[in-house]
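# Report on the structure
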Amino acid sequence: MTAPHLLDLARALLRKNDAGPFTKPGPRQYPHQWNWDSALIALGLSHFDLPRALIEIRSLLSGQWKDGMLPHIVYHDAPSDYFPNPAFWQIENSPNASVFPTSGITQPPLLTTIVRRLHARHSIPNFIGKVYPSLLRWHRWLHTARDADNSRLACIIHPWESGTDDSPRWLEVMESIRLQEVPEFRRGDTLHVPAAERPHQVDYERFICLIDIFRRANYDPTALLARSPFLVQDVLFNSILHRADEDLRALAEEFGQPTGEIDSWMNDLRANFNRQLWDDSHGLYFDYDQRGGASIMINTAATFLPLFGGLASPEQAKRLVEEHLQNPLEYAPNENAHYWLTTTSQSEPAWEARRYWRGPVWIILNWLVIEGLRRYNYTDLADLIQRDSLELLARSGFREYYDPRDGLGCGSIDFSWSAALAFEFQEGV
Ligand code: GLC
């Protein structure tokens, strides 16, 4: 398939998934507005329809909670068979909740980085003036309401907040959650995608149990930090947050806003991130389980995100790339896995080629790692991963994830961010 044709298809897909004020991440599997999906969808849309891209962002921000939290799903009254449905969250019991139907948890804060990129490419000062206060409030909420140990690292309280919902790095913490009273529910995620490509039932029950704990606490941030059995300082989430702080700071400077508060978040986070999450003996970053007081020593592609966040020193970057990313026993293509980049190291016993976040290639992870590699001048490697990403999109269409052995598309069909990122891979900056 020639490249312009690929972009025609990408544009048609984003148009097809356009639901008015927002774009569905996947037409049947994900029929509402998801937080970090929307940021990437806006980036994709900006290549051919900037006004529509800005609507996408404003729609997402319309779901912001009064305390600054930006939810992982904004439902927009669109009827669907998706579970959890808006009623399940019971957000109306929180004094902080949005007046719109939303979920009660957040997602990786990619949005500010995308907003800054749109401004750098298209100069949109009026738009920045409108959204900057909301972005600042979200960052402040992450650095305070989610700071469990005064480190300025944000904790996540649910695997869904990581964006890598079913990653094997959650297995041990999830197993520690006692499954006594699972609220009644009916899964929607296996209606449109084969069960073998989705989370196991027992994991899903734990996802739901966590939500039940949160709704019983009325989403009070202090109670959530105290009670959530899942309380993790995640490498991926905090790398994206640090990068977003950097981009927020650049916008603040350009628009004459104070930068001191952002500087202090960035300085504290950087020092604590490397103290708490870097493991020098393995040359890897690992998440930290705040509740259990231990590192989560599972090797997943999240370990490369500090390159995106600019948090790794050149020496740390060299170890990540040379000892791990380029290692065919872990991430590099080999006789078994032919495509960059498996989302879990193939050396992990939990690695599975076709199950959701347990191993397949995800285009978003490829893009985040490519951006990080370019930041640290590993240009040739970034080009290789970019070439593979384009090949997967051209061969198997815009799917949610791909089997690294044969490039087969898995999960949701017509997946929006896979289409959106085709523009970045093809046209770049
Ligand atoms: C899945 C992914 C999550 C994404 C959502 C909507 O739940 O794990 O990262 O935001 O789908 O696409």
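Described below are features of the structure shown in this document.

Basis of the calculations
Residues numbered from 1 in each chain as written. Predicted model: local features only at pLDDT ≥ 70, side-chain atom pairs only at ≥ 80, totals over all residues. Heavy atoms only, no water. Pairing = 2+ DSSP bridges. Helix = DSSP H or I, 4+ residues; strand = E, 2+ residues; numbered from the N terminus. Salt bridge = Lys/Arg side-chain N within 4 Å of Asp/Glu carboxyl O. Buried < 20%, exposed > 50% of the residue type's maximum accessible area, 1.4 Å probe, protein only. Arc of directions from axis to C-beta. Contact = heavy atoms within 4.5 Å. Core = buried A, V, L, I, M, F, W, Y, C linked by side-chain atoms within 4.5 Å. Phe/Tyr/Trp six-rings, centres within 6.5 Å; stacked < 30°, edge-to-face > 60°. Near = heavy atom within 4 Å. Polar contact = N/O pair within 3.5 Å; in protein donor to acceptor, adjacent residues only side chain to side chain. Areas by Shrake-Rupley, 256 points an atom, 1.4 Å probe, with all protein chains shown as cover. Axes fitted to C-alpha atoms, helices over the stretch in contact; angles between N-to-C directions. Parallel < 35°, antiparallel > 145°, perpendicular 65-115°, else oblique. Left-handed = near helix turned anticlockwise from the far one by under 90°. Nonpolar A, V, L, I, M, F, W, Y, C, P; charged D, E, K, R; others polar.

### Things to note about the sheet that holds strand β8 (residues 294-296)
One open sheet holds the four strands; their spatial order is β3-β4-β7-β8, and the pairing between them is antiparallel. Each edge of the sheet is formed by a strand with only one pairing partner; in this case those strands are β3 (155-156) and β8.

### Side note on the pattern of salt bridges
All told, the structure shown has 30 salt bridges when counted by the stated rule. Ionic pairing is found between E323 and R319, a salt bridge with its closest N-O pair at 2.9 Å. Taken together, the residues E323 and R319, both in helix α13 (residues 314-325) and four residues apart, mark about one turn of the helix. Note on E323: relative accessible area 35%, which makes it partly exposed. Through salt bridges with shared partners, one network takes in R117, R121, E371 and E424.

### Focus: α13
For α13, the full list of buried residues reads Q316, A317, L320, V321, H324 and L325. Burial along α13 is one-sided: seen end-on, the buried residues are contained in an arc of 130°. Opposite the packed face of α13, turned more than 90 degrees from it, sit the exposed residues P314 and E315. As for α13, its buried residues are in contact with α11 (260-277), β5 (278-279), β6 (284-285), α12 (305-309), α14 (363-375) and α15 (379-396).

### Structural notes on the nonpolar core
With 142 residues, the main nonpolar core has L110, L111, L325, I364, W367, L368 and L373 as its most contacted residues. For this core, the element with the most residues is helix α6 (residues 125-144), which contributes nine residues. When sequence neighbours within four positions are dropped, the list of residues in contact with L325 reads F304, L320, Y331, A332, W340, L341, V369, L373 and L381.

### A word on the packing of aromatic side chains
Counted according to the given criterion, the structure contains 24 aromatic pairs. Centroid distance W160 to F207: 5.3 Å. Interplanar angle 55°. Geometry classified as tilted. Placement of W160 in the loop between β3 and α7 (171-175) and of F207 in helix α8 (residues 201-216) is noted, with a sequence separation of 47 residues between them. Exposure remark for W160: the relative accessible area of 4% places this residue in the buried category.

### Overview of the site of the ligand
Neighbouring residues of the ligand: P25, Y30, W34, W36, D37, Q107, G163, D165, Y356, W357, F415 and W417. In the model, an oxygen atom of the ligand is placed 3.0 Å from a nitrogen or oxygen of the W36 side chain. D165 places a polar side-chain atom, nitrogen or oxygen, 2.8 Å from an oxygen atom of the ligand. Burial of the ligand by the protein chains amounts to 98% of its free accessible area of 310 Å².

### Focus on the environment of L6
Turning to its location among the elements, L6 is positioned in helix α1 (residues 3-16). The sequence separation of L6 and A422 amounts to 416 residues, and the corresponding C-alpha distance is 7.7 Å.

### What about the packing of α6 against helix α10 (residues 235-254)?
Packed helices, taken two at a time, are described by the angle their axes make and the gap between the axes. Where α6 meets α10, the closest approach of the two axes is 11 Å, and the angle between their N-to-C directions is 140°. Judged by the angle between their axes, α6 and α10 are oblique. Crossing handedness for the pair α6 and α10: left-handed. When α6 is examined against α10, the residues I128, Y132, L135, L136, H139, L142 and H143 are found in contact with a partner set consisting of F237, L241, A244, D245, L248, L251 and A252. Within the contact of α6 with α10, the residues separate by chemical class into 11 nonpolar, two polar and one charged.

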